[in-house]
Amino acid sequence: MPRGSAILTGTRKAATVKGDGMSDAKPPSYWDYLKLDGLLGLQGGLDNDEDKITSDELHFIVVHQVYELWFKLVLRELRLGRDELGAPRVAEETIPNVVHHLRRVNEIFKLGADQFRVMETLTPQDFLDFRDKLAPASGFQSFQMRELEILLGLNEEQRVQVPGMKPLNHIRKMAPGTPAGELAYARVEAASQETNLRSALHDWLHRTPIQGSVPKDAGDDETVSQFLKEYLKAYKEGQEAQAARLVEVGVGSAEAIKARFSGSIDAAHEFLFANDIDEKERLRMRRIRAGILFVESYRDLPLLAWPRLLIDTVVEMEELLVLWRSRHARMVERTVVRRVGTGGSPGVDYLDRTAAYRIFTELWTVRTLLLPRRALPALRSPEFYGFAS
């Protein structure tokens, strides 16, 4: 249907156009636009009757419905960012738009964590009055949360394993039989087939110009390797100097300190040269990690200003999601206490373990390897990274 059509399917009949060109269609109201008649009729619980539920149960329903609405918006914003970063060519002016939309996700995560304060006005006794009505329903079955995790890039192997209750399989098992269940199943399955944000981000980072070189240039692999060798040389010198200072002031034994710093040097080399990655993907991952390192190290250059803001925004997003998970666990511990979850999960213990999830691991690891500006390898082709004339 054309965007300018006067027919809004399912909401309004076609407008009658008078001879003078004026329409007699009733202008939309606030409640029409937001469909408040339908929205405000969705809090009746299993009996679909608000007269049969307590104020505490209404509160529980409203808070969780609001979370699901926020998840809906988060999913839209993540897909927008994923699609723009995953394009074959990403124009420089695209990155500010991606940052803008991912920052919206970050604000939602902040608000979501704060929203647990409202949930905590429910006491354990308040919840126990209607808890049995929920079983076996559980937040474990929030397919939008699972969809969100998949879209970010969390894979099945990274998930906390609960015996007999893998999160995705749990949804697949419980879903069939109702329209909402079929929707849950379809959404999780579809998300599993999509490109995720981590992969799209890696595609973009792989094309980072390093010392003026891009992947299609002749000798690019050599340029990247040389940059990493120079960087690691400076990193080693910095680590050894730090170890010597600690030995000099008598902080522990010289042998133990030197061994510790030697281990960090070896780990840095292993990571940056991607020796922990399968050989088929090693060169690609090496360039991705070098790209992150280059952007973070030379972030003051005009061409890298927005890329480093994007990296910062993604790091903040994961940090806020971790904080949201931790805050969720504390809310559950306070209001639901350490019981087996309504769906049979370990409850608080499971939620605490999910706070250890890390999806954008390369972004975090690179930050532990950064050098002070004075120690960075000399920048080649500095004009390449300046303002366009």
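Predicted model only: the values in this text are computed from it and were never measured.

Asker: Which parts of the structure should I look at to understand the nonpolar core?
Answerer: For soluble globular proteins, nonpolar side chains are generally found buried alongside one another. One finds Leu78 and Leu310 to be the most contacted residues of the largest nonpolar core, which totals 84 residues. Broken down by element, the residue count for this core peaks at 11 residues, all from helix H14 (residues 305-335). Not counting chain neighbours up to four residues away, the residues in contact with Leu78 comprise Leu102, Val105, Leu148, Leu151, Leu152, Leu197 and Met317. If you look at the next biggest cluster of nonpolar residues, it comprises five residues, including Phe143, Ala184, Val188 and Ala191.

Asker: Help me understand the pattern of salt bridges, please; the structure alone is not making it clear to me.
Answerer: For side chains of opposite charge, pairing can occur when their charged atoms come near one another. On inspection of all chains with the given rule, the structure shows 31 salt bridges. The residue Glu296 makes a salt bridge to Arg367 at a minimum N-O spacing of 3.3 Å. Here the residue Glu296 occupies a position in helix H13 (residues 279-297), and Arg367 occupies one in helix H16 (residues 361-367), the gap between them amounting to 71 residues. By relative accessible area, Arg367 is classed as partly exposed at 33%. Note that Arg330 and Asp352 form a salt bridge whose closest N and O atoms lie 3.0 Å from each other. Taken together, the positions of Arg330 in helix H14 and Asp352 in helix H15 (residues 348-354) put the pair 22 residues apart, joining distant regions of the chain. Taking relative accessible area as the criterion, Arg330 reaches 30% and is therefore assigned partly exposed. For Asp352, a relative accessible area of 29% gives the class partly exposed.

Asker: What is the right way to read the packing of helix H10 (residues 197-206) against H14 from this model?
Answerer: Interhelical geometry of H10 versus H14 gives an angle of 160° and a closest axis separation of 13 Å. Here H10 lies roughly antiparallel to H14, going by the angle between them. Helix-helix and strand crossings are classified by hand; for H10 and H14 the assignment is left-handed. Here Leu197, Leu201, Trp204 and Leu205 of H10 come into contact with H14, specifically with Pro307, Leu310, Ile311, Val314 and Met317. Residues belonging to the contact of H10 with H14 are distributed by class as follows: nine nonpolar, no polar and no charged.

Asker: Is there a simple way to think about the side chain of Ser29 in this case?
Answerer: With respect to the secondary-structure elements, Ser29 resides in the segment before helix H1 (30-34). A relative accessible area of 15% places Ser29 in the buried class.

Asker: Help me understand a nonpolar patch on the surface in this model?
Answerer: The grouping of Tyr30, Trp31, Tyr33 and Leu34 at the surface amounts to a nonpolar patch, some 570 Å² of accessible area in total. Relative to the helices and strands, Leu34 is located in helix H1. With relative accessibility at 36%, the residue Leu34 sits in the partly exposed group.

Asker: I would appreciate a short explanation of the packing of H10 against H13 in the present structure.
Answerer: It is the contact of H10 with H13, at a shortest axis distance of 8 Å, that shows an interaxial angle of 80°. Overall, the two elements H10 and H13 adopt an arrangement that is roughly perpendicular. Residue-level inspection shows His202, Asp203, Leu205 and His206 of H10 in contact with H13, the latter providing Arg284, Met285, Arg287, Ile288, Gly291 and Ile292. Taken together, the residues of the contact of H10 with H13 break down into four nonpolar, three polar and three charged.

Asker: So what exactly am I meant to see when it comes to the confidence of the model for the protein here?
Answerer: Detailed reading of the predicted coordinates is not advisable wherever pLDDT falls low. Per-residue pLDDT for the protein averages 88, and the proportion of residues at 70 or more is 87%. When mean pLDDT is taken per element in the protein, H10 scores highest with 98 and helix H8 (residues 167-174) scores lowest with 67. Long-range and interchain partners of residues 1-14, a stretch whose pLDDT sits below 50, account for 10 contacts in this model, where long-range means more than four residues apart.

Asker: I'm lost on helix H11 (residues 220-248) in this one. Help?
Answerer: Count 3.6 residues to each turn of an α-helix, and residues three or four apart come out pointing the same way. Taking 1.5 Å per residue as the helical rise, H11 with its 29 residues ought to reach 42 Å, and the 42 Å between its terminal C-alpha atoms agrees with that figure. Lining the buried residues of H11 we find helix H12 (254-272) and H13. Immediately downstream of H11, the backbone of Gly250 shows phi near 80°, a positive value.

Parameters at a glance
- Residues numbered from 1 in each chain as written.
- Predicted model: local features only at pLDDT ≥ 70, side-chain atom pairs only at ≥ 80, totals over all residues.
- Heavy atoms only, no water.
- Core = buried A, V, L, I, M, F, W, Y, C linked by side-chain atoms within 4.5 Å.
- Buried < 20%, exposed > 50% of the residue type's maximum accessible area, 1.4 Å probe, protein only.
- Helix = DSSP H or I, 4+ residues; strand = E, 2+ residues; numbered from the N terminus.
- Contact = heavy atoms within 4.5 Å.
- Salt bridge = Lys/Arg side-chain N within 4 Å of Asp/Glu carboxyl O.
- Axes fitted to C-alpha atoms, helices over the stretch in contact; angles between N-to-C directions.
- Parallel < 35°, antiparallel > 145°, perpendicular 65-115°, else oblique.
- Left-handed = near helix turned anticlockwise from the far one by under 90°.
- Nonpolar A, V, L, I, M, F, W, Y, C, P; charged D, E, K, R; others polar.
- Patch = residues over 30% accessible without salt bridge, like charges linked within 9 Å, V, L, I, M, F, W, Y side chains within 5 Å.
- Areas by Shrake-Rupley, 256 points an atom, 1.4 Å probe, with all protein chains shown as cover.
- pLDDT = per-residue confidence, 0-100.
- Expected span 1.5 Å × (residues − 1).

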